[in-house]
Amino acid sequence: MPKVKLPRKSTAVDMTAMCDVAFLLLSFFILATKTKPPEAVAVVTPTSVATKIAKEDAILVTLTKEGKVYLMLGDKSKKEAILEDVNTTKALGLSPAELTKLRKMEFIGMPFNKIKSMLQLTEPMEPKKMEGIPIGDSANNELTDWIGSVVRSYSGESMDNLNLLVKGDNDSKYPSFKFIKDAFKRNDIFKFKIVTNPEGIPADSELALNPPGAEKK
Amino acid sequence: MSVIENTNLDKHSNQKRISKKNTVVDLTPMVDLGFLLITFFVFTTQLLQPTAMNLNMPYDKVKAGDEICASCVLTLFLQSGNSIRYYEGMPESNPVVRQTSFGTHGIREIILNKKRQVQRINGRADDFVLIIKAADESTFQNFVDIVDEVAINSIKHYYLDEISEADKKLFSGE
């Protein structure tokens, strides 16, 4: 019987292919990572089982832990009209140059009577240093006026185009939210959305057993 | 692993020979580095995008005309320190106010039990009405959690209300 000769194989594996794969994946993840701009106002949102993605170009009301309220006019096409409307209805007396300055600001968070002096500062004010839009008592709820201007700028369109979001911090107190809600209500807005982080639907709950989409045809 | 060339053998010979270097590079450390970076980026990538939860307010300029059965109502009070007080039925009938907490074994169980009870008595679980009253001390998170609970348990009717004098009397009588 001839002896079967087993060739001795080297255990060294060619790593080139694996290296290629590793760096391909690496480049993918680097490109896919969205470099998030550091948030000017820190807000930790609650979680919910909602699955709809929050839209970017929305009118966003931010409520911080301290109870400060900021307004972000994400809908660029309407921003100018809204600010001009506020300027005339609340008699802020802003010059066109000041209006453009205000338009460049991402967060609006000052009482009406302090907007002009804020815009006259040479350095743009940091959102953290702003006082927030007063929402306190019902007579002095300036958010109502802001939302009023927002609604007017959408007049003639379907109200479904108006994307109203509320982003609140976990630890903010309920009354602040109630005042925001009241501001919406007084402008006849009864539907809005709350920004949350996604969370798993608990198994064997009713929602998991019959999801709402399944009921509709 | 890497191929190590034995060049020491040539040391004894006086002749200086240019050793033929192996062009094969050991890529193992490079692969290691690659995967290390991948894991880093995987963990830092925020694939979770914020979601939007719908909230509908009652249109309270028109008085609701539909009758609700008194035994189908469950009223929740969001209190400070993530606790919930609740009672069943109408405040006029002096119901017992109990205390519970958020979570599967707290409020969800109570809501589900009440829903089953309504199903048993009325034959329709949709008759169940949940009234949510948030105290000033409760947080925004409490509020979102309870509205989320409504979605989780597929409750058709729920209302947001303020704590009334009648409710305060019930608490003091505890």
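Residues numbered from 1 in each chain as written. Chains lettered and ligands numbered in written order. Predicted model: local features only at pLDDT ≥ 70, side-chain atom pairs only at ≥ 80, totals over all residues.

**Quick word on the environment of D14(A)**
Residues and elements named next belong to chain A.
Point 1. You can see D14 is positioned in the segment before helix 1 (16-32).
Point 2. With 9 C-beta atoms packed within 10 Å, D14 lands in the exposed category.
Point 3. Remark: the alpha-carbon pair of D14 and L165, spanning 151 residues in sequence, is separated by 54 Å. (Helix = DSSP H or I, 4+ residues; strand = E, 2+ residues; numbered from the N terminus. Buried ≥ 20, exposed ≤ 12 C-beta atoms within 10 Å, placed from the backbone.)

**Let's talk about the nonpolar core**
Point 1. Counting residues in each nonpolar core, the largest one holds 65 residues, and the members touching the most others are V69(A), L143(A), L165(A), V166(A), I180(A), L76(B) and F143(B).
Point 2. It is helix 6 (residues 174-186) of chain A that contributes the most residues to this core, six residues altogether.
Point 3. Not counting chain neighbours up to four residues away, the residues in contact with F143(B) comprise Y174(A), F177(A), L78(B), A134(B) and S138(B).
Point 4. Core analysis: the next-biggest nonpolar cluster, separate from the first, contains five residues, M15(A), C19(A), A22(A) and I38(B) among them. (Core = buried A, V, L, I, M, F, W, Y, C linked by C-beta atoms within 7 Å. Contact = placed C-beta atoms within 7 Å.)

**A short note on the packing of helix 5 (residues 142-153) of chain A against helix 6 of chain A**
All names here are of chain A.
Point 1. Two numbers describe how helix 5 lies on helix 6: the axes approach to 8 Å, and their chain directions differ by 40°. Here helix 6 runs oblique to helix 5, going by the angle between their axes. In this structure, the crossing between helix 5 and helix 6 has a hand that is right-handed. Contacts between helix 5 and helix 6 involve L143, T144 and I147 on the former and, on the latter, I180, A183, F184 and R186.
Point 2. Looking at the contact of helix 5 with helix 6, its residues break down into five nonpolar, one polar and one charged. (Axes fitted to C-alpha atoms, helices over the stretch in contact; angles between N-to-C directions. Parallel < 35°, antiparallel > 145°, perpendicular 65-115°, else oblique. Left-handed = near helix turned anticlockwise from the far one by under 90°. Nonpolar A, V, L, I, M, F, W, Y, C, P; charged D, E, K, R; others polar.)

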